[in-house]
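# Fold and contact review
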Amino acid sequence: MKNFLNHFLRLNDTTVPLENKLSDIVTFGTFVSVGVGLIQNIAIGIHWFVNSMLGGTMLVSVICFYLSRYKNRFRQIRPYFLATIGAFLAISWFANYGVRGPSLVLMAMFAVLGALLIKKRNNILFFIALAFLSTVLLLIELYHPETLRVYQSDLQLQLDLFNTYIFGIVFLALTISFFKSSYEEDREALIQTTERLERSQEEILQEKEKAEKAERAKTEFLANMSHEIRTPLNSIIGTADLLNETELTPRQQEYLETISISSRHLLGLVSDVLDMSRIDQGRLFLESQDFQLTSLMDSTLKLFSNEPKISKKQLTLNLQIAPNTPENLRGDAYRLRQVIVNLVSNAIKFSNTGTIEVKVAKKAVQVPGKICIVFEVKDHGVGIAEEDLPKLFRPFSEIKTATQHPFKGAGLGLAITHTIVTMMGGEIKVESHLNQGSTFTFCVQLEAGIPPIQIPENSGGEEGKLADIYPLSILVAEDNILNQKLIVRIMEHYGYHIDIVGNGKEVLQKLAQQDYDLIFMDVQMPELDGIGATRALRQLSTAQPYIVAMTAAAAPEDQEACFAAGMNDYVVKPISMTKIRSLIPKWKEGVREMKGER
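Just so we're clear, the structure is a prediction, and the values are computed from it rather than from any experiment.

### Re the nonpolar core
Nonpolar side chains tend to gather and get buried jointly when the protein is soluble and globular. Ranked by internal contacts, the top residues of the largest apolar core, which has 39 residues, are Phe81, Leu82, Phe110 and Leu113. Among the secondary structure elements, those contributing two or more residues to this core are α2 (18-44), α3 (48-71), α4 (74-92), α5 (103-117), α6 (123-143) and α7 (154-244). Contacts of Leu113, omitting those with residues within four sequence positions, involve Val26, Thr30, Phe81, Leu82, Ile85 and Phe171. Formed by 38 residues, the second largest nonpolar core is a distinct cluster that contains Phe291, Ile373, Met424 and Phe442.

See the structure below:
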């Protein structure tokens, strides 16, 4: 019987709200206890009017139980249930011989019903209303005693009172028993759920720690890979630049171009992998620097001047910059160049003949405080199928041409391009048709820049005169022998005579002997690295040099660590002659500021 009632009232079902179960218990308990009272009343011959009120109460209890149990309308039925029961009690007050009969006991049980079903914030109002109703009924009884129905005998009165007490005991016993059983079931289920959640939370924390360790290991691996690959690439690219300044035979020039293009392609792949890792970790940041739009576009497209695919496919690059486009801008020129290189490279890859058009213009609608520049790269190549367009900006995706031949690649360029354009406050779109070509259009938000510092031209045409224009005493801290030779050759090419040391301790020893205007400081060195050497150097009371970090570590946190240690600038390997030449005026100005502070 107990199992049947538990199942019937859903006491063991933890998915049913406790509030719903309570409504089921009260309405079912009222039905059963009133039914017991009705049978007893019939047995002792209580007046039919009282019994009809009990029958009405049973009917209302059945209806409310059905709506609560099977329709889940337990909140809606409560006020109607209580109002109906209260009305029946008020009507039967006089038929139950008033305060001398069972009316007060029934009112007390009704108060228990209200306390169970009504929300706590409404309890006071309910009890005030019940007290007011009882007072009114008592006053009517006092001033109109003729309204009371008198029992046939004292025995009938005593039996009715006894039956009412039995009715109350049955009702309270059922309600408390069922509610306690349901509460214990829910409590046990809650404890088990809490324990499961705690175990799950511990497992989640453990998995989180594993993921963080794996992420740190991945970051460290990529950083080390970047350093290990960029260090020899620095020597290869730098030596190729120096060799390009010498007299070469046509065949040697061809070999040199192959070396230069291949090494830069490898550098691009390394950069793409690192950029994708930063994007995944949300650690790709933009820098802000002044640049000249025409110079940026010319130098960017010049990268493709020796591209074998262009001459082999008889392709031409055509740059068009609209007349009203601002020349001096401020933003991340490196990332903007990266976007343009990716798009032009794809245009070359997907084209067999014709012209690749690169257009630049100022957008008509501007954002306040920003300059919106629109770039367009258009080719007349094989085009892209419409179903492949949504995959273009996904990492590691490949598309097929009309001949169903996939163009192999890392699949990172356009994904990185999309992220960079979005970070620069713009958007990128593509229009393409098979066998007709593709047009990539993107806009970026930049700021107005300032004109560059003009480097005077050398009357003799020798680059070595740069040292006469910007004289500097330079110390280089670099542990790699090949990179030492490279930086010496580059700086000698511009007329500088530099000193070389192999670690941070030797830097401090050199500074104890003489002062330097500029120090190129490699970050990863034996004995004492560049970060430690810079911190120790900044504690000295001697003349403070301008320190430029020179490292293959390209992550933003590496740059922040260099600046936090006291370095003034940051150059990522590979270091080219063009980069050195463009930055020397800036470094000379920094040296002047350092001397002005002393």
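Alright, that's what it looks like, and here's the rest.
### Quick notes on the pairing of strand β8 (residues 474-477)
Residues Ile474 and Val476 point to one face of β8 and Leu475 and Ala477 to the other, with burial holding for every one of them. In terms of strand pairing, β8 meets strand β9 (residues 498-501) through 4 bridges, oriented parallel. Counted as the bridge partner of Ala477 is Val501 from β9.

### Quick look at the pattern of salt bridges
Evaluated as defined, the whole model comprises 8 salt bridges. Linking Asp290 and Arg330 is a salt bridge whose minimum nitrogen-to-oxygen distance equals 3.2 Å. One end of the pair, Asp290, is in strand β1 (residues 289-292); the other, Arg330, is in strand β3 (residues 328-331), with 40 residues separating them in the sequence. On the basis of relative accessibility, which here comes to 30%, the residue Asp290 falls in the partly exposed class. What makes Arg330 partly exposed here is its relative accessible area of 29%. Glu447 is paired through a salt bridge with Lys370; the nearest N and O atoms lie 3.4 Å apart. Here the residue Glu447 occupies a position in strand β7 (residues 437-448), and Lys370 occupies one in the loop between β4 (354-362) and β5 (371-378), the gap between them amounting to 77 residues. A relative accessible area of 32% means that Glu447 is categorised as partly exposed. What makes Lys370 partly exposed here is its relative accessible area of 30%.

Here is what the cut-offs are and how they apply
Residues numbered from 1 in each chain as written. Predicted model: local features only at pLDDT ≥ 70, side-chain atom pairs only at ≥ 80, totals over all residues. Heavy atoms only, no water. Core = buried A, V, L, I, M, F, W, Y, C linked by side-chain atoms within 4.5 Å. Buried < 20%, exposed > 50% of the residue type's maximum accessible area, 1.4 Å probe, protein only. Helix = DSSP H or I, 4+ residues; strand = E, 2+ residues; numbered from the N terminus. Contact = heavy atoms within 4.5 Å. Pairing = 2+ DSSP bridges. Salt bridge = Lys/Arg side-chain N within 4 Å of Asp/Glu carboxyl O.

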